[in-house]
Amino acid sequence: MYRVARILLWGDGPRGLQEESAMRATLILGGLTAAALSLATLEPDARACGGCFHPPPTPTQSGTVVTDHRMIFSVSPLQTTLYDQIKYSGAPSSFAWVLPIHGKVGVGLSADVVFSALDQATQTTIVAPPQQPCPFCGCQNAFAGAPSAGSSSGSSGAGGLAGVTVISQQVVGPYDTVQLHPNTTSDTQALTDWLTVNGYSIPADVQSIILAYVSEGFDFLALRLQPGQGIQAMRPVSVTTSGAGLSLPLRMVAAGTGATVGITLWVVASGRYEPKNFPFFTISPSDLTWDWARGSSDYTTVQASKEAVTSNFSWQVESSLDLSPLQIENTVLYGYAGGGGFAGGGSVSGGVGLPASQDYQAIPASDAGAGETADQVRTQDLATLFPLGNGSVRITRMRGDLSRAALTNDLILQASATQAALPNVYPLTKSINAPVCQACSPSQAQCGGSGSSGGLGGTSGAGVGGPPSDDGGVTTGASPGQSSFSCATSPARPPGTRFALALAGLAAAAVVRARGRNDKRNRK
């Protein structure tokens, strides 16, 4: 090849060689031109692809006042704290919350970000099964597819009635709170009379529940929004008692609900817990099937079928994870969980924490005691959630979509027989409606996924124009190295064409030069 090029450019020897070189140049020029045209014809078009995703849908219920609860139950040898975040519809002026308690309790304010942090750390993740890659056709084919801030106590209070002692009365943020002690378990009507006289509207079907708690020796915490406070002022509340306790007053949760009510419960403790007096179940990856046509699994369907077996009387133990309290605290303080995604807390700049007032509300000073800044409220809230400090804790997540009939018993928890961790990531192995690879042909439009290792794409949602996901509030994740594509063509000049045309032009110039020399010699 090197010698041919030298002859074409400079000549080499007598006239016969010159004529031969001119003929060779003509043949080579024709060959190079044909090669250039061939390269331009066979080079495939460049493609540009994009990914698709969809957010998980929000569960809804209609015709009820309390539609859903998210609860945190922090249990340690020192104290037990119950957090309750209520999804509430209706006039905020009618909101009231009555909780059975034992003895005097601490009432504190929390924030939605605490629940978001726990949800982010423990949410169920569905991983689509891996798929075999399609044949390589020049580019890869792909398919779419706490203790209170101060209190006062006494034997009676404003609006008091015989038979009831006001243990404590205070304002906590936007709430008026009062702790009540029935003087006797036999006079079960005195408490409901006190609540009614003091403006608490007690539904007829809840009165019998309150009377049952009175006869069992319970005290009560009553809480409601202060006059003039709108629904936007509502904050999650924490209630702390001394010592370890493992009972949640589900009977009172029935107040204001419809046929069913959803409850997500996180148990923050030193081990794995489960219901003692309710049936419960788990879901394993082998129970689930990925539908490539829908871009989702049948998680919600499997969950509902298992709940239906007990007529919505059971709990699902979703996961049980060993976590550092710092992971939750980082989300609350900075808006992220140490390398995870942001959790609705805003951005971080130079390691400076988020202002507490973004999520928490200050407690103004009152007769009950000195006030607290939003930062102090946040610090106290985190200390209440993790009373043993920053050692590793076990967080067990449970979910119950309970019928009203199931709320006739309080929930009693017990340590699980197995203390093994229960992962929240579900890598699936079964699937249906897998896409079929298309046959490769030079004339067929092809698609290559930008930034993908190829193969059939696992999806993090339905494809473009696809049906909605069946995963409900469950997060779905794609397998590593896989993605979902929706492709569009954009023509581009084949990279080999320029080289071939340049080489052909060089050969043509050599032919012209050689013929010029031959003509000059012939004239001599």
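Residues numbered from 1 in each chain as written. Predicted model: local features only at pLDDT ≥ 70, side-chain atom pairs only at ≥ 80, totals over all residues. Heavy atoms only, no water.

It is worth spelling out the overall build of the protein at this point. Per the secondary structure count, the protein includes ten helices and 23 strands. The buried share of the protein, taken over its 524 residues, is 44%. A total of about 24600 Å² of accessible surface is found on the protein, and carbon and sulfur atoms cover 57% of it. (Helix = DSSP H or I, 4+ residues; strand = E, 2+ residues; numbered from the N terminus. Buried < 20%, exposed > 50% of the residue type's maximum accessible area, 1.4 Å probe, protein only. Areas by Shrake-Rupley, 256 points an atom, 1.4 Å probe, with all protein chains shown as cover.)

Here we take up the pattern of salt bridges. Across all of its chains, the model carries eight salt bridges by this definition. Asp-401 serves as the salt-bridge partner of Arg-399, at 2.9 Å between the closest nitrogen and oxygen. Both residues of the pair, Arg-399 and Asp-401, belong to the buried class. One network of salt bridges, with partners in common, ties together Asp-68, Arg-399 and Asp-401. (Salt bridge = Lys/Arg side-chain N within 4 Å of Asp/Glu carboxyl O.)

With that settled, the discussion passes to the sheet that holds strand 11 (residues 247–248). The strand order 11-19-13 describes an open sheet built from three strands, whose pairing is antiparallel. Pairing within the sheet leaves two strands with one partner each, and these edge strands are strand 11 and strand 13 (273–275). (Pairing = 2+ DSSP bridges.)

Relative to each other, helix 8 (residues 325–334) and helix 9 (residues 374–385) sit at 165°, their axes nearing to 11 Å. In this view, helix 8 runs roughly antiparallel relative to helix 9, as classed from their interaxial angle. Here helix 8 and helix 9 pass one another in a crossing that is right-handed. The residues of helix 9 that touch helix 8, namely those facing Ile-328, Glu-329, Val-332 and Leu-333, are Arg-378, Leu-382 and Leu-385. For the contact of helix 8 with helix 9, the class distribution of residues is five nonpolar, no polar and two charged. (Axes fitted to C-alpha atoms, helices over the stretch in contact; angles between N-to-C directions. Parallel < 35°, antiparallel > 145°, perpendicular 65-115°, else oblique. Left-handed = near helix turned anticlockwise from the far one by under 90°. Contact = heavy atoms within 4.5 Å. Nonpolar A, V, L, I, M, F, W, Y, C, P; charged D, E, K, R; others polar.)

What follows concerns helix 7 (residues 299–309). Restricting attention to buried positions, one finds in helix 7 the residues Tyr-299, Val-302, Gln-303 and Glu-307. Buried residues of helix 7, seen end-on, are gathered within an arc of 135° and therefore sit on one face of the element. Structurally, helix 7 contributes buried residues whose contacts are with strand 6 (125–127), strand 14 (280–281), strand 16 (296–297), strand 17 (315–323), strand 18 (393–403) and strand 20 (425–427). Residue Ser-311 follows helix 7 closely and has a positive phi angle near 55°. (Arc of directions from axis to C-beta.)

The subject of this paragraph is the nonpolar core. General note: in soluble globular proteins, nonpolar side chains tend to be found buried as a group. Judged by nonpolar contacts, the single largest core of 83 residues is most densely connected at Ile-72, Leu-195, Ile-210, Phe-220, Leu-250, Leu-265 and Trp-315. What Ile-210 contacts, discounting residues up to four positions off in sequence, is Leu-191, Thr-192, Leu-195, Ile-202, Phe-220 and Met-252. The next biggest cluster of nonpolar side chains, apart from the first, holds eleven residues, and it includes Phe-281, Tyr-299, Val-302 and Leu-428. (Core = buried A, V, L, I, M, F, W, Y, C linked by side-chain atoms within 4.5 Å.)

Within the element layout of this structure, Gly-108 appears in strand 5 (residues 106–109). Note on Gly-108: relative accessible area 7%, which makes it buried. Residues Gly-108 and Tyr-83 lie 25 residues apart in sequence; the distance between their C-alpha atoms is 9.3 Å.

Right, let's talk about the confidence of the model for the protein for a bit. With 61% of its residues at a pLDDT of at least 70, the protein reaches an overall mean of 72. For residues 338–350, every residue scores under 50 in pLDDT, and the model assigns this stretch 22 contacts once sequence neighbours within four places are set aside. Low pLDDT, under 50, characterises residues 445–469; the stretch is placed with 81 contacts to residues that sit more than four places away or in other chains. (pLDDT = per-residue confidence, 0-100.)

Most of strand 7 (residues 164–172) is tucked away, with seven of its nine residues classed as buried. Hairpin geometry of strand 7 and strand 8 (residues 175–182) is characterised by an intervening segment of two residues between the two adjacent antiparallel strands and by a positive phi of about 60° at Gly-173.

Right, let's get into the packing of helix 3 (residues 112–122) against helix 8. Each pair of packed helices can be summarised by the angle the axes make with each other and by the distance between the axes. Where helix 3 contacts helix 8, the axes come no closer than 9 Å and their chain directions differ by 130°. Accordingly, the angle class assigned to the pair helix 3 and helix 8 is oblique. The element helix 3 and its partner helix 8 pack so that their crossing is right-handed. Each of Val-113, Val-114, Ala-117, Leu-118, Gln-120 and Ala-121 in helix 3 lies in contact with helix 8, whose residues at this interface are Gln-327, Ile-328, Thr-331 and Val-332. Here the contact of helix 3 with helix 8 is composed, by residue class, of seven nonpolar, three polar and no charged.

Moving on: the side chain of Thr-177. Here Thr-177 lies in strand 8. Accessibility expressed as a relative area gives 4% for Thr-177, which makes it buried. Those residues in contact with Thr-177 that lie beyond four places of it in its chain are Val-107, Ser-168, Gln-169, Gln-170, Val-172, Leu-221, Ala-222 and Leu-223.

If you walk across this open sheet you meet the three strands as 16-15-21, and the pairing is mixed. Unpaired on one side and paired on the other, strand 16 and strand 21 (431–432) mark the two borders of the sheet. Two elements, strand 15 (residues 290–291) and strand 21, share two bridges in a ladder whose sense is parallel. Bridged to Asp-291 within strand 21 is Ile-432.

Attention shifts here to unusual backbone geometry. The general pattern is negative phi for most residues beyond glycine and trans for most peptide bonds. Within the chain, Asn-312 stands out as a residue other than glycine whose phi angle is a positive 55°. Structurally, the position occupied by Asn-312 is in the loop between helix 7 and strand 17. A positive phi is found at Asn-433, a non-glycine position, where the angle reads about 55°. Looking at the element boundaries, Asn-433 is found in the loop between strand 21 and strand 22 (475–477).

When you tally the buried positions in strand 8, you get six out of eight residues, the bulk of the element. Relative to strand 8, strand 7 runs antiparallel, the two being bridged by eight bridges. Paired with Gln-170 across the strands is Thr-177, a residue of strand 8. As judged from the six bridges shared by strand 8 and strand 9 (residues 219–225), these two strands associate in the antiparallel manner. Within strand 9, the residue paired with Tyr-175 across the bridge is Leu-225.

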